[in-house]
Every structure is written in structure tokens, then in C-alpha cells.
Amino acid sequence: MGSQSLTAPPPALPPRATRRRPVSIRGSLRELVQARELTVNLVRRDLKVEHRGTFLGMLWSLATPLLLVALYYVVFKFIIGAHPAVDKPRPDGNDVPFALYFFAGLTVWNLFSNSLSRSTTSVTSSGYLLRKVYLPKAILPLASVLSSLVTFAFEFVVLMVAVLLVVGPPSAQLLWAPAIVAVALVMAYGLALLLSAVNVFLRDTAHFIGILLQLWFWATPVIYSLQFVAKNPGVATLLKLNPMTGVVVSLRNVTLLDRGPELGLLAGDLGFALIALAVGAVVFNRSQRLFAELV
């Protein structure tokens, strides 16, 4: 999904003159915490804008993943004839339909992809807001990431219901899911800070990120497994260096395959996420004083 235009200002904010611009990353973080109510309001507004004028409204967030699961099941089972997933079979021996295998990886990929797509233009589309009131600017990409998290929550519920009905009840391994999703969120927010700042100065960034995400999708084992490419060690090694591989494989393990996360890969993803967050915060913090003038 692409970024949504900001069409209505959030609830009343203090005038720009009554608040000081944060001068450090620590100061910016403190202001983000203090502005948590505003963050919630921005997320609500983004979701309302996305579904405005539709008959089902927010129910589309539930209907869409339901329709996707049904579509994947029909296509992969009756048209393509895909075999059940065999990458690390479940300990109970139950078959995993390829449609669910694909959808499990797609949910967390969509969380990451939608976060970047929405957040890249989050600053440039808020020019009217930045020029009229003071607000912590880092709240803009954060709201885009959190609105993607809400969409992910609907997809995740559909996934777990389908797993329960088709494969069997999940085990205690499911408790790893919040930590795995947190890694994806930290990575997405770090890159969102970086890309939203760069897009202020180079507007082509918003177009470039769409192409990059397409390439990144196929370099991530969403529609195929690491076992499928294991016969080519070079390709397998490159895929393991992909910072989204551990997240996708691990979430699929704990939700669908009744196995623990790939801790080695997940640790590498966490390292990348923390670096992305640090770099994104530095670039965003140093650039934000120019945002109001350029957007």
C-alpha cells in the first residue's frame, strides 16, 4: 500500500513559538514519549483516511487478509498444485498447505514493506502541519509505521485462525512472536527515519523505494524456503545476510511450523535493526530543522 495524503490536521497543538526544537536525539526521544497521545491520534487519522468513503471502513483490514488466504488456497492447491511446505516439517507430522506457508511470511513482510512505503512521504506530505504548529517531527514516520502495525494485527489474527483450523493449535513457541515482530518494527522505524529525511531533499526517494522493495521481496524467503536454495551455498549465504530473512523464517517457524525461531539469523537482523535505528535517528535529527522550509 502506498502512503496516504494527510488531509486533516490532528487535534490542537501548541503554537510553534511556545516549544523548543529538540537539539539532541535524547531530547527527540523524550518528546516522542511525551507526545504518545498525539501519536495515537495520527495513527487513527491515517487509518481513517485510508478507508474513508468505503462501505466496510476498517473492516477491510479484516476482509482483505481473509480474501487473500482464500485466494492463495485456491491458486496454490487447485491451479498450481503446490505441494505442502516441507521446510522443517511440524513435529506432529501435519502437512502445512503452501497457501498458509506463503501467507505466514507475507504478513510480516507486508508490515515491513507498508511501513517504508507509507513513511517515506510522511514528512513531505505534512508541510502544512510543520509550518503551522510545533510537533516532534519524528512522530510522522512513527505514525506511519504504527498504522502498518494495526493492519498487520488484522492479518495476524486471520493467519492464526487459519492455522488453528487447517494445521492445528500453536505451541508455546508462539510466545516468540512479539519479539520477532519487534525486530521488524525497529528495523522499519530506523529506515523510515532515514528515508523520510532523505525524501525531503531528494523527492525521487519515494519512487525508488517502491522498486527497491520489489527487489527486496524476491531476495527474502517469503514465497520459497531457505531449503529450496540450499543446493546453491552462495545464494543461500546471500539470503541469510538479508536482514529480513531471519524475521520471516522465525515468524513462520513459531506460528506455523511449531518450531523455535532461527536465533542466529534473528540476532543478525536485530543488529542491523539497531544500526538502522541509530543511523536513521542521527540523519533525521540533524536534518529536521530544515523540513518546514523545504516542504
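Everything discussed here concerns the structure shown above.
Reading the values: rules and limits
- Residues numbered from 1 in each chain as written.
- Predicted model: local features only at pLDDT ≥ 70, side-chain atom pairs only at ≥ 80, totals over all residues.
- Heavy atoms only, no water.
- Salt bridge = Lys/Arg side-chain N within 4 Å of Asp/Glu carboxyl O.
- Helix = DSSP H or I, 4+ residues; strand = E, 2+ residues; numbered from the N terminus.
- Expected span 1.5 Å × (residues − 1).
- Patch = residues over 30% accessible without salt bridge, like charges linked within 9 Å, V, L, I, M, F, W, Y side chains within 5 Å.
- Areas by Shrake-Rupley, 256 points an atom, 1.4 Å probe, with all protein chains shown as cover.
- Buried < 20%, exposed > 50% of the residue type's maximum accessible area, 1.4 Å probe, protein only.
- Arc of directions from axis to C-beta.
- Contact = heavy atoms within 4.5 Å.
- Axes fitted to C-alpha atoms, helices over the stretch in contact; angles between N-to-C directions.
- Parallel < 35°, antiparallel > 145°, perpendicular 65-115°, else oblique.
- Left-handed = near helix turned anticlockwise from the far one by under 90°.
- Nonpolar A, V, L, I, M, F, W, Y, C, P; charged D, E, K, R; others polar.
- Phe/Tyr/Trp six-rings, centres within 6.5 Å; stacked < 30°, edge-to-face > 60°.
- Core = buried A, V, L, I, M, F, W, Y, C linked by side-chain atoms within 4.5 Å.

Trainee: Just checking my understanding: could you explain the pattern of salt bridges for this structure?
Mentor: A side chain with one charge can pair with a side chain of the opposite charge if their charged atoms come near. Summed over all chains, the structure comprises 1 salt bridge. Salt-bridge contacts for Asp92 lead to Arg90; the nearest nitrogen and oxygen are separated by 2.9 Å.

Trainee: I tried to follow helix H6 (residues 139-166) on my own but got confused; where do I start?
Mentor: Side chains of residues three or four places apart in an α-helix project in the same direction, reflecting 3.6 residues per turn. The end-to-end C-alpha distance of H6 is 40 Å, a good match for the 40 Å that 28 residues give at a rise of 1.5 Å each. Within two residues after H6, Gly168 carries a phi angle of roughly 145°, on the positive side.

Trainee: Which parts of the structure should I look at to understand a nonpolar patch on the surface?
Mentor: Taken together, Tyr73, Val74, Phe78, Ile79 and Ile80 make up a surface patch of nonpolar side chains, about 540 Å² in accessible area. Mapped onto the elements, Ile80 comes out in the loop between helix H3 (60-79) and helix H4 (98-120).

Trainee: Would you explain helix H8 (residues 205-218) in this entry?
Mentor: The end-to-end C-alpha distance of H8, which contains 14 residues, comes to 20 Å, matching closely the 20 Å that a straight helix rising 1.5 Å per residue would cover. Along H8, the residues that are buried comprise Thr205, Ile209, Leu213, Trp216 and Phe217. Within H8, the buried residues cover an arc of 110° as seen down the axis, which keeps them to one side. Set apart from the buried face of H8 by more than 90 degrees, the exposed residues are His207, Phe208, Ile211, Gln214, Leu215 and Trp218. Where the residues of H8 are buried, they touch H4 and helix H7 (177-201).

Trainee: What am I meant to see in the packing of H7 against helix H10 (residues 245-255) here?
Mentor: When two helices pack together, their arrangement is given by the angle between the helix axes and the distance between those axes. Put simply, H7 and H10 touch, their axes get as near as 10 Å, and they point 160° apart. Overall, the two elements H7 and H10 adopt an arrangement that is roughly antiparallel. As H7 runs across H10, the sense of the crossing is left-handed. Residue-level contacts link Ala177, Ile180, Val181, Val183 and Ala184 of H7 to Val247, Ser250, Leu251 and Val254 of H10. Across the contact of H7 with H10, the residue classes break down as 8 nonpolar, 1 polar and no charged.

Trainee: Teacher, can you tell me more about the packing of aromatic side chains here?
Mentor: Aromatic ring pairs are described here by two measures, namely the spacing of the ring centres and the angle between the planes. Taken as a whole, this structure holds 8 aromatic pairs when the rule is applied. Centroid distance Trp109 to Phe112: 5.7 Å. Interplanar angle 50°. Geometry classified as tilted. Of this pair, Trp109 and Phe112 both sit in helix H4, 3 residues apart, which is roughly one turn of the helix. Of the two residues, Trp109 and Phe112, both sit in the buried class. Between Trp109 and Trp216 the ring centres are 6.4 Å apart and the planes differ by 65°, which places this aromatic pair in the edge-to-face class. Of this pair, Trp109 sits in helix H4 while Trp216 is found in helix H8, placing the two residues 107 residues apart along the sequence. As far as the burial class goes, Trp109 and Trp216 line up, both buried.

Trainee: It is not clear to me how the nonpolar core should be interpreted in this structure. Could you clarify?
Mentor: The nonpolar side chains of soluble globular proteins are, as a tendency, buried together. By size, the foremost hydrophobic cluster in this structure holds 77 residues, and its most contacted members are Trp109, Phe112, Leu251 and Leu256. Discounting residues that sit within four places of it in the chain, Phe112 has contacts with Ala184, Met187, Ala188, Leu191, Leu213, Trp216 and Met244. The next biggest cluster of nonpolar side chains, apart from the first, holds 7 residues, and it includes Leu226, Val229, Ala236 and Leu239.

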